[in-house]
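Residue-level listing of the chains:
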Amino acid sequence: SSIWSFTIILAAPQLNLPANGTTTSDNTPSFDWFDVSGAVAYELMVDNSSSFGSPEIHQTDLTSSGYTPISPLADGTYYWKVRAKDNVGNWGNWSSIWSFNVDTQAPLAPTLISPANGSVTNDSSPTFDWNDISEAVEYQIQIDDESSFASPKINQSGLSESSYTPPSSLADGTYYWRVRAKDAAGNWSDWSDIWSVTIDTQGPAAPTLISPTNGLVINDNTPTFNWSDVTNAIVYQLSLIHI
């Protein structure tokens, strides 16, 4: 009978990392794919165009199913694909084309809104508010009674909203606070400016009445009422009852 020959084409590799459509702050990301049975080498192409007309990375005869670039990639979107070669030099089909984004630029630092810097409040669990950062996927707030934030009273990350209300009351005193933002690539912004707020839930001492003296009878129908100054008082309330 006639003798026929045939060639077994290797399977296209299955890509692993960087995952399709993801964003990373690593500009030398490791490319990884699953081993192909019968493969003795792989070819990797990485380009900022899905046409691969001028690849940023073009590695042939890779002996393992992974590759880490030596030179960093510029920020931007990249596409990548891999194929395998057998022991007689036949190349298999290309894998699917995956994309990923390189982003090494940190977002802007948040701008604090309230409580206003240097303000005093009698709310022991005030809402801390700052402006939205368009690239932010997470915020972190630190609140401490020391401006060094060496041991924060509150150190809350994972915040999806640009505000935070402490779950429990803060003791009276002066507190410092700051916020930073993180983008989808994992880049943290610089910390915001540091603002302070003083919590004061204790009322001042009661005034001591001076004149007219208690029980005095006078013929002045517009008497001057006088009492002692009270430390920290900014306003007084006078109440009269006609008997």
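Now for a look at the structure at hand.

Moving on to the overall build of the protein chain. Broken down by element type, the protein chain carries zero helices and 18 strands. Over its C-alpha atoms the protein chain spans a radius of gyration of 35 Å, topping by over 25% the 18 Å that the globule rule assigns to 243 residues. Dimensions along the principal axes, computed over C-alpha positions, put the protein chain at roughly 140 × 30 × 30 Å. Per-residue burial for the protein chain yields a buried fraction of 31% across its 243 residues. Contacts in the protein chain between residues far apart in sequence, at least 24 positions, make up 61% of those at least 6 positions apart. For the protein chain, the computed accessible surface area is about 15000 Å², with 47% contributed by carbon and sulfur atoms. The average position of the 7 basic charges and that of the 26 acidic charges among the side chains of the protein chain differ by 14 Å.

Here the focus is the layout of surface pockets. Approximately 430 Å³ is the volume attributed to the largest pocket. If you trace the largest pocket, you find 17 residues lining it, with L209, P212, T213, F225 and L240 closest to the centre. For the lining of the largest pocket, the elements supplying multiple residues, two or more each, are β17 (209–211) and β18 (226–227). In terms of residue class, the lining of the largest pocket is built from 11 nonpolar, six polar and no charged. Here the second largest pocket defines a volume of roughly 360 Å³. Class assignment of the residues belonging to the lining of the second largest pocket gives a composition of nine nonpolar, seven polar and one charged.

This part covers the sheet that holds strand β14 (residues 163–164). Two strands in a sheet stick together by hydrogen bonds in their backbones, pointing the same way (parallel) or opposite ways (antiparallel). The three strands are arranged β9-β11-β14 in an open sheet whose pairing can be described as antiparallel. Looking at strand neighbours, the two that pair on one side only are β9 (112–114) and β14, the edges of this open sheet. As paired elements, strand β11 (residues 128–130) and β14 share two bridges and run antiparallel to each other. In the strand pairing of β14, F128 is matched with Y164.

The strand order across the open sheet formed by five strands is β2-β8-β7-β4-β5, and the pairing between neighbours is mixed. Every other strand in the sheet has two partners, leaving β2 (22–24) and β5 (57–62) as the edge strands with one partner each. With strand direction ignored, the average angle separating the axes of adjacent strands in the sheet is 25°. Across three bridges, β2 lies against strand β8 (residues 98–102) in parallel orientation. For T23, the partnering residue across the bridge sits in β8 and is N101.

Bridge count for strand β4 (residues 41–47) against strand β7 (residues 76–85) is seven bridges, and the pairing is antiparallel. The partner of Y42 across the bridge, within β7, is A84.

For strand β16 (residues 195–199), the buried fraction is high: four of the five residues fall into the buried class. Alignment of strand β10 (residues 119–121) against β16, held across three bridges, turns out to be parallel. Residue pairing in the sheet places T121 in a bridge with I199 of β16. Pairing geometry for strand β15 (residues 173–183) and β16, over five bridges, is antiparallel. Counterpart to W177 in the pairing with β16 is W195.

Our next topic: the pattern of salt bridges. One pass over the structure, following the stated rule, counts four salt bridges. The shortest N-O distance in the salt bridge between K182 and E138 comes to 3.0 Å. Residue K182 is located in strand β15, and its partner E138 is located in strand β12 (residues 136–144); the two are separated by 44 residues in the primary sequence. In this structure, the salt-bridge partner of K153 is D145, at a minimum N-O distance of 3.7 Å. Taking relative accessible area as the criterion, D145 reaches 37% and is therefore assigned partly exposed.

The rules we used
Residues numbered from 1 in each chain as written. Predicted model: local features only at pLDDT ≥ 70, side-chain atom pairs only at ≥ 80, totals over all residues. Heavy atoms only, no water. Helix = DSSP H or I, 4+ residues; strand = E, 2+ residues; numbered from the N terminus. Rg over C-alpha atoms; globule rule 2.2 N^0.38 Å. Buried < 20%, exposed > 50% of the residue type's maximum accessible area, 1.4 Å probe, protein only. Contact = heavy atoms within 4.5 Å. Areas by Shrake-Rupley, 256 points an atom, 1.4 Å probe, with all protein chains shown as cover. Lys, Arg positive; Asp, Glu negative; His and termini not counted. Charge placed at Lys NZ, Arg CZ, Asp CG, Glu CD. 1 Å grid on protein atoms, 1.4 Å probe; cavity = no way out; pocket = protein on both sides within 12 Å on 5 of 7 lines; lining within 4 Å. Points joined across faces, edges and corners; volume = space filled by probe spheres on them. Nonpolar A, V, L, I, M, F, W, Y, C, P; charged D, E, K, R; others polar. Pairing = 2+ DSSP bridges. Axes fitted to C-alpha atoms, helices over the stretch in contact; angles between N-to-C directions. Salt bridge = Lys/Arg side-chain N within 4 Å of Asp/Glu carboxyl O.

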